[in-house]
Amino acid sequence: MKHVLTTGGTIAGIIAGLSAIAVAGCTDSSVLYRPVAFGQQPVIAAWNSGFSGKTALIEVHNAPADAAARLAGRVSVPVGAAPVAGFTSVPGQASDPRYRVVLVFGTSDAFDGAAACALAGAGDGTVPASKQDPASHEVQAALCFDAERLSEIRLRPGAAPLGSGDELADRRLLGQVMDHLYTPQVGGRLRGDGCTLSGGC
């Protein structure tokens, strides 16, 4: 279940308000929405079993053909996690492709982390037409073991969407996505550049 906090008014109005925040040193108005936590212990256990010291799989759906390899090359190890040998977007190159980080572009709010984990590696990799939204720049991310969702987060981008070609922005956003997948938390939200909603960076 995804959890997005609202305080009244429309989502569009809230996003517009967040985008208008100007903070010295912050260059990206993206917003990360956190889901309800599933608990970190299963995440740590999965990371240590499937990723630690190994080549980890980054699985990308509904994105341009060259996006998967490019994004896999820009992913970083989450804060506090055991190091990996590297990241790949090619299942055959992964040490254990049952364990994977899945990124799905262009989906509706009805598409969550559980749906992401049901794609390739556990399914055929096709997002149901009823849950596609080509106009959406949102990215649904999940840490999966086979079809099991261990943690998830949805990225609602602002000025520099993930995969837009800006390497620095990609690395920043992917770093935060990985951190939140590794350390799932209850509720709350952050700007995608590491700035809090109160304005601190």
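These numbers were taken from a predicted model, which means no experiment stands behind them. (Residues numbered from 1 in each chain as written. Predicted model: local features only at pLDDT ≥ 70, side-chain atom pairs only at ≥ 80, totals over all residues. Heavy atoms only, no water.)

Remarks on the state of the cysteines
All told, the structure shown has one disulfide when counted by the stated rule. With a sulfur-sulfur separation of 2.0 Å, Cys117 is cross-linked through a disulfide to Cys144. Negative torsions about the S-S bond denote left-handed disulfides, and the value of about -80 degrees found for Cys117 with Cys144 makes this one left-handed. Residue Cys117 is located in helix 4 (residues 113–117), and its partner Cys144 is located in strand 5 (residues 139–145); the two are separated by 27 residues in the primary sequence. Relative accessible area serves as the criterion here: at 0%, Cys117 is assigned to the buried category. (Disulfide = S-S within 2.5 Å. Helix = DSSP H or I, 4+ residues; strand = E, 2+ residues; numbered from the N terminus. Buried < 20%, exposed > 50% of the residue type's maximum accessible area, 1.4 Å probe, protein only.)

Notes on the pattern of salt bridges
Under the criterion given, the structure shown has eleven salt bridges. Between Glu59 and Arg100 there is a salt bridge, with its nearest N and O atoms 3.1 Å apart. Taken together, the positions of Glu59 in strand 2 (residues 55–61) and Arg100 in strand 4 (residues 99–105) put the pair 41 residues apart, joining distant regions of the chain. Of the residues examined, Glu59 reaches a relative accessible area of 8% and is grouped as buried. By relative accessible area, which is 0% here, Arg100 ends up buried. Here Asp112 ties to Arg149 by a salt bridge, and the two come within 3.9 Å at their closest N and O atoms. Remark: Arg149 occurs in strand 6 (residues 148–156) and Asp112 occurs in the loop between strand 4 and helix 4; sequence separation between them is 37 residues. In the salt-bridge network here, residues are joined through shared partners; they are Asp109, Glu138, Arg154 and Arg156. (Salt bridge = Lys/Arg side-chain N within 4 Å of Asp/Glu carboxyl O.)

So, the nonpolar core
Counting residues in hydrophobic clusters, the biggest one holds 33 residues, and the most contacted among them are Trp47, Phe51, Ile58, Phe87, Val101, Leu103 and Leu162. Breaking this core down by element, the ones donating at least two residues are helix 2 (40–50), strand 2, helix 3 (67–72), strand 4, strand 5, strand 6 and helix 5 (167–182). The dominant element in this core, judged by the number of residues it contributes, is helix 5, at six residues. Those residues in contact with Phe87 that sit more than four places away from it in its chain are Trp47, Ala56, Ile58, Ala72, Val75, Ser76, Val77 and Met178. Counting residues in each nonpolar core, the second largest holds ten residues, with Ala115, Ala116, Leu119 and Val127 among its members. (Core = buried A, V, L, I, M, F, W, Y, C linked by side-chain atoms within 4.5 Å. Contact = heavy atoms within 4.5 Å.)

Observations regarding the side chain of Asp112
There is a polar contact of 3.2 Å between the side chain of Asp112 and the backbone nitrogen of Ala114. At a separation of 3.0 Å, a polar atom in the side chain of Asp112 contacts the main-chain amide nitrogen of Ala115. (Polar contact = N/O pair within 3.5 Å; in protein donor to acceptor, adjacent residues only side chain to side chain.)

Don't take any of this as a statement about function, it's just geometry.
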